[in-house]
Amino acid sequence: MSVEPEMASEPVGLVIGTEDATPLSFWVGVSPDAYLQLDDAVIVDTEVPGRGTVRIAGLVQEVRARHEGATFDTDVFLIDRGVLPVDTAVAAQVVATRFEPEVFVPPMPGLPALRARGKDRDEALYFDQMTRRVVGGLSRDGEPMFLDLDFLDGTRGAHVNISGVSGVATKTTYAMFLLYALFHSPVLGGYRGNTKAIVFNVKGEDLMWLDTPNARLTQAQREDYERLDLPVGPFESVGLWAPPRGGAGGQAIPHVESRSNGVTAYYWTVREFVREKYLRFLFAEADDERSQIADLVARVESFLDRECEDDPDHEATVLHGGYPVRSFDELCDAIRANVEDDHSPWRGRLSDATVAAFVRRLDSGRFRLDQNHLIWGREAEDPRRHRIDWEANQVTVVDIHNLHDRAKRFVTGVVIKRLFEHKERMGRREPLAFLVLDELNRYAPREGWSPIKEVLLDVAERGRSLGMILIGAEQTASEVERRVIANSAFRVVGRLDTAEAQRSEYGFLPAVTRSRASILKPGSMILQQPHIPIPVQIRFPFPSWATRADEAAPDASTDPFGAFEGD
Amino acid sequence: MVVLRADPWAPEYGMGFQARLEEELPVADPLVETLDWSTPLSPTPAEEGPVWFVDGVRRVELRLLAEDGGRRAPGLFGSFAIGSVCCDGRATFDEHQVGRAVVAGGGVMPGRVEVSVGVQRVAFEPATEPSLDPDRPLWKLQNLMQEAEAAMAARVSARAGRLVVVDGPLSFFHPTDAPVVGMVKRFSRHYLEDGREHLLALLGPGERTPLFALGDEDQPVQRYAWYLRLVPLRVPWHDQAGIVRCEVRAGVGLDTAVGLADRVTALLPAYAGRPTDPRAPQNLAPVGGLEAWLRHRMGDGRLLRRALLRWMVEGEEGG
């Protein structure tokens, strides 16, 4: 079988001998009629006495051009005037990624270097060793870049961590692109249908349009999808959930500004709160007195569960001491009364100060949950319909952007815990469950302890074997719990603040790449994956799903001009 | 009071102004173009068009003492490189050529020497000089270089309408009638009487003296020469700094010579040497660039020296 011409590697220059060639890094003099750009894959075959040919593959890390023969900065003006003759030299630094066979020798100066194409490129980037691969974007020269699913689904590793400045780093968009690629390609095989994702919408209503095609996609952007072998369109199966709007009576109306249909309001009932032990997520703030208060929270949770009976009159409420607890307020009052009672077994032998601190936090948490109508009592009509159901759709978006900080922690804590327990009960990895969570620094901060951080650490450390995959994002990785990041097989970086890029959390980025991270455009990321020893810049296609109301494609029925067609 | 004025060249290159004992044409006739030596001539700005600069560099690799049946003579291994730069809006290196010679004095003719440097084979062609003067082998190497330089200048200028400026005086080799201009950086001999030499101090950049003829007793008009100034005179300098002497062969005819003199005089200030050059401003910028490039093309002197010594050791062991 012959190789297609454009798929054959082409000579671009020679290994130079004026810079040291080492096994890990060497320079290639670029021929005047060729070019090499950052991240290009390059191969050099070098003869090793007694071992035959060793193929060294690598990626271009730096390219430089200079005048040879010019000694002083002002020479450039003479050169421009045609007075001083010089040669122009272009050289590219290649960082080796692979030796085949593994003999770690430098390439000999003078050997031809080729830009790797087709099969050679796949080998340079280890794509040939990825038995199951999912597209992760496009390389700078427009070729597909792949991720090894083995390192994403828990077989050999799991989790993705994305860092970058808010607004320009397009962290969430990239996370959604990864999900799109997973769910709309055959890579997941038979489990594709049952693989689920829960996505928290933390900013704006960007993710509330995942189910709608993007009407503003240009032809060039469509072609990107073609190159990646992905369909162009919205997510096929999406469930949208938003917190309820206030003052709507027993009907829970979703609190969403940009769209009026297709979104379900979510809340939990007093009975769920008691039975599933959600109280701890009201106390989801990192603080010093945690051991004492956490102890009391655990006691109260277990007493509540033990002493409350199901209310026979309503599925959302419970009876405590024979009296119905009709609302979340009444529940909080009951808790308060019991812990403040010196003779109640609920408080045990904890000091008054601890109880006071507990009550203070309970009151403020209760105020916030009430404000956002997250726990319903007897007013709830059909509460089952409003319980977030991630089994119903492939992608479940939970909108929390309108919620107060404390309520956000409550919702994320409860949802992640439920999902985690669900996966624990299933006891096997497949089908996978993905969890997309931005602002990780808020939920798993480096300093302090909180119930959500504990759940997230569980996910990071045990999620790999349970098939629960965290795609976490944050503005600054330096503020996120180390173990959450350390457990991520894939590290992705969008535009980084220059000072942040210097921190040790980004030690995997070589110095040149760090500088590049501070000029990345939206839609470009730097991807580090276990197979490839150096991070590679990629770009990913513009979302083919709408991210704003004005991108949502008007369908024929609602198009105000539709009626005029055919005139 | 004694007035002290500086010479712009770096001291290790001697002095731009230095009367030197060299074979130069002794007879000068200052009246070939005009009788009026009172004011400088300022040609109008030069027409556009390519100009070629030709130059060569040489290096002694190893000095020798050659022995031939009891006769001992000084000698050397030497390399030279010649090349050209084309300036036509852009300055680009044109053809170049590297030569190597093993030279012995006293009429001793050495054999051809071929040594290995890395993966390359390098050959030194034999040459000899009758004199036993220790400086003569170097003089011979210089001659070999100039010969090649003159051939290259003739070759380049043979392509019609090309203005070629050779660095250094015109040699006696390849006496063609081609419009090749020799440019002498060093002021090595007084050709003019004091009354006329006074005009040199008055030259501004891009201005020249009238042409004067150079020759010997038998043939008094062999070349036409003139002085021109490259850059404005600066205060610390003596008034003959920044001046070069150019010459063309008389064979081109007086009219052509005047035309060439005007064109070259207007042209050269644009190519004046960089202030950072140790022989600024007389060492023109393209020539400075070319010299560095050519020196590089001769290869690494340390490697050649080592290869030659090894060749001698191996010859000793083998023989």
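Treat the numbers as computed from the prediction; the structure is a model and nothing was measured.

All names here are of chain A. Inspection of the secondary structure puts Glu-439 in the loop between strand S19 (433-437) and helix H10 (440-443). Given a relative accessible area of 16%, Glu-439 falls into the buried group. Filtering out sequence-adjacent residues up to four positions away, Glu-439 remains in contact with Val-202, Lys-203, Ala-473 and Glu-474.

What follows is about the pattern of salt bridges. All chains considered together, the criterion is met by 65 salt bridges over all chains. One connected set of salt bridges, linked through shared partners, spans Asp-329, Asp-333, Arg-336, Glu-340, Asp-363 and Arg-366 of chain A.

Any aromatic ring pair is given by two values, namely how distant the centres are and how the planes are angled relative to each other. All names here are of chain A. With the rule as written, the count across this model stands at 25 aromatic pairs over all chains. Here the aromatic rings of Tyr-174 and Phe-540 are separated by 5.0 Å at their centres, their planes lie at 55°, and the arrangement is tilted. Of the two residues, Tyr-174 sits in helix H3 (residues 171-183) while Phe-540 sits in the segment after strand S23 (536-539), which places them 366 residues apart along the sequence. Neither residue differs from the other here; Tyr-174 and Phe-540 are each classed as buried. Three or more aromatic residues joined by ring pairs make a cluster, and in this case those are Tyr-266, Trp-268, Phe-273, Tyr-278, Phe-328 and Phe-410. For the cation-ring pair, Arg-115 lies above Tyr-35, with the distance from its terminal atom to the ring centre recorded as 4.4 Å.

With that settled, consider the sheet that holds strand S20 (residues 468-474) of chain A. Residue and element names in this part refer to chain A. Read across the sheet, 12 strands follow the order S8-S7-S23-S22-S21-S9-S20-S19-S10-S18-S11-S12 without closing on themselves; strand pairing throughout is mixed. Each edge of the open sheet carries a strand with a single partner, namely strand S8 (144-148) and strand S12 (263-265). Direction aside, the axes of adjacent strands within the sheet are offset by 30° on average. Relative to strand S18 (residues 395-399), strand S11 (residues 238-242) runs parallel, the two sharing four bridges. Considered in S18, the bridge of Val-238 is made with Val-395. Its contacts with the sheet place H3 against strand S7 (133-139), S8, strand S9 (158-163), strand S10 (196-201), S18, S19, S20, strand S21 (488-493), strand S22 (524-528) and S23, and it is angled at close to 135° to S7. Docked against the sheet, helix H11 (residues 451-466) engages S9, S19 and S20, running at close to 140° with respect to S20.

All names here are of chain A. Taken N-terminus to C-terminus, the directions of helix H9 (residues 405-426) and H11 make an angle of 30°; their axes are 10 Å apart at the nearest point. Here H9 is positioned roughly parallel relative to H11, judged by the angle of their axes. Judged by the sense of rotation from one axis to the other, the crossing of H9 with H11 is left-handed. Between H9 and H11, the residues in contact are Arg-409, Thr-412, Gly-413, Ile-416, Lys-417, Phe-420, Lys-423 and Glu-424 and Ile-452, Val-455, Leu-456, Asp-458, Val-459, Arg-462 and Leu-466, respectively.

This next bit is on the layout of surface pockets. All names here are of chain A. Taken as a whole, the second largest pocket encloses approximately 940 Å³ of empty space. Along the wall of the second largest pocket there are 39 residues; nearest its centre are Thr-170, Thr-173, Pro-522, Gly-523 and Phe-540. Secondary structure elements with two or more residues in the lining of the second largest pocket: S7, H3, S10, helix H4 (219-227) and S23. Here the lining of the second largest pocket takes four residues from H4, the largest share from any one element. In terms of residue class, the lining of the second largest pocket is built from 15 nonpolar, 12 polar and 12 charged.

What follows is about the interface of chain A and chain B. Note: interface size is frequently given as the accessible area lost on complex formation between the parts. Of the residues lining the interface, 12 residues belong to chain A; the matching set on chain B comes to 17 residues. It is Gly-82, Val-83 and Pro-85 of chain A in chain A that bury the most area against chain B; as a group they hold 48% of the surface buried on that side. Put simply, chain A and chain B have one salt bridge between them. With a shortest N-O distance of 2.6 Å, Arg-274 of chain B and Asp-75 of chain A are connected by a salt bridge. At the surface where chain A touches chain B, the tally comes to three residue pairs in polar contact (both at pLDDT 80 or more). Ranked by the residues each element gives to the side of chain A that touches chain B, the list is headed by helix H1 (residues 75-80) of chain A, at three residues. Taken together, the residues of the side of chain A that touches chain B break down into six nonpolar, two polar and four charged.

Here we come to the sheet that holds strand S14 (residues 308-310) of chain A. Residue and element names in this part refer to chain A. The antiparallel open sheet is built from three strands, whose spatial order is S14-S15-S16. The sheet is open, and its two borders are formed by S14 and strand S16 (323-325), each paired with just one other strand. Across the sheet, the mean angle from the axis of one strand to that of its neighbour is 40°, orientation sign disregarded. In this sheet, strand S15 (residues 318-320) lies alongside S14 in antiparallel orientation, the contact comprising three bridges. Bridged to Cys-308 within S15 is His-320.

All names here are of chain A. Counting residues in hydrophobic clusters, the biggest one holds 78 residues, and the most contacted among them are Phe-200, Tyr-266, Trp-268, Leu-279, Phe-358 and Val-411. With eight residues, the top contributor of residues to this core is H9. In this structure, Leu-178, Leu-179, Met-525 and Ile-534 belong to the second largest nonpolar core, which totals 71 residues.

When the terminal C-alpha atoms of helix H8 (residues 352-371) of chain A are compared, their 28 Å separation across 20 residues agrees well with the 28 Å that a helix rising 1.5 Å per residue should span. Those residues of H8 of chain A not exposed but buried are Thr-354, Val-355, Ala-357, Phe-358, Val-359, Arg-361, Leu-362, Gly-365, Arg-366 and Leu-369 of chain A.

Another aspect to go through is the confidence of the model for chain B. Per-residue confidence for chain B averages 86 on the pLDDT scale, and 92% of its residues sit at or above 70. Of the two predicted TM-score estimates for the complex, the pTM is 0.77 and the ipTM is 0.78.

Turning our attention to the side chain of Lys-417 of chain A. All names here are of chain A. By the element assignment, Lys-417 lies in helix H9. Under the relative-accessibility criterion, Lys-417 is labelled buried at 13%. Aside from chain neighbours lying at most four places away, what touches Lys-417 is Glu-276, Lys-277, Phe-281 and Val-455.

Reading the values: rules and limits
Residues numbered from 1 in each chain as written. Chains lettered and ligands numbered in written order. Predicted model: local features only at pLDDT ≥ 70, side-chain atom pairs only at ≥ 80, totals over all residues. Heavy atoms only, no water. Helix = DSSP H or I, 4+ residues; strand = E, 2+ residues; numbered from the N terminus. Buried < 20%, exposed > 50% of the residue type's maximum accessible area, 1.4 Å probe, protein only. Contact = heavy atoms within 4.5 Å. Salt bridge = Lys/Arg side-chain N within 4 Å of Asp/Glu carboxyl O. Phe/Tyr/Trp six-rings, centres within 6.5 Å; stacked < 30°, edge-to-face > 60°. Lys NZ or Arg CZ within 6 Å of the ring centre and 35° of its normal. Pairing = 2+ DSSP bridges. Axes fitted to C-alpha atoms, helices over the stretch in contact; angles between N-to-C directions. Parallel < 35°, antiparallel > 145°, perpendicular 65-115°, else oblique. Left-handed = near helix turned anticlockwise from the far one by under 90°. 1 Å grid on protein atoms, 1.4 Å probe; cavity = no way out; pocket = protein on both sides within 12 Å on 5 of 7 lines; lining within 4 Å. Points joined across faces, edges and corners; volume = space filled by probe spheres on them. Nonpolar A, V, L, I, M, F, W, Y, C, P; charged D, E, K, R; others polar. Buried area = accessible area lost by both parts, 1.4 Å probe. Polar contact = N/O pair within 3.5 Å; in protein donor to acceptor, adjacent residues only side chain to side chain. Core = buried A, V, L, I, M, F, W, Y, C linked by side-chain atoms within 4.5 Å. Expected span 1.5 Å × (residues − 1). pLDDT = per-residue confidence, 0-100.

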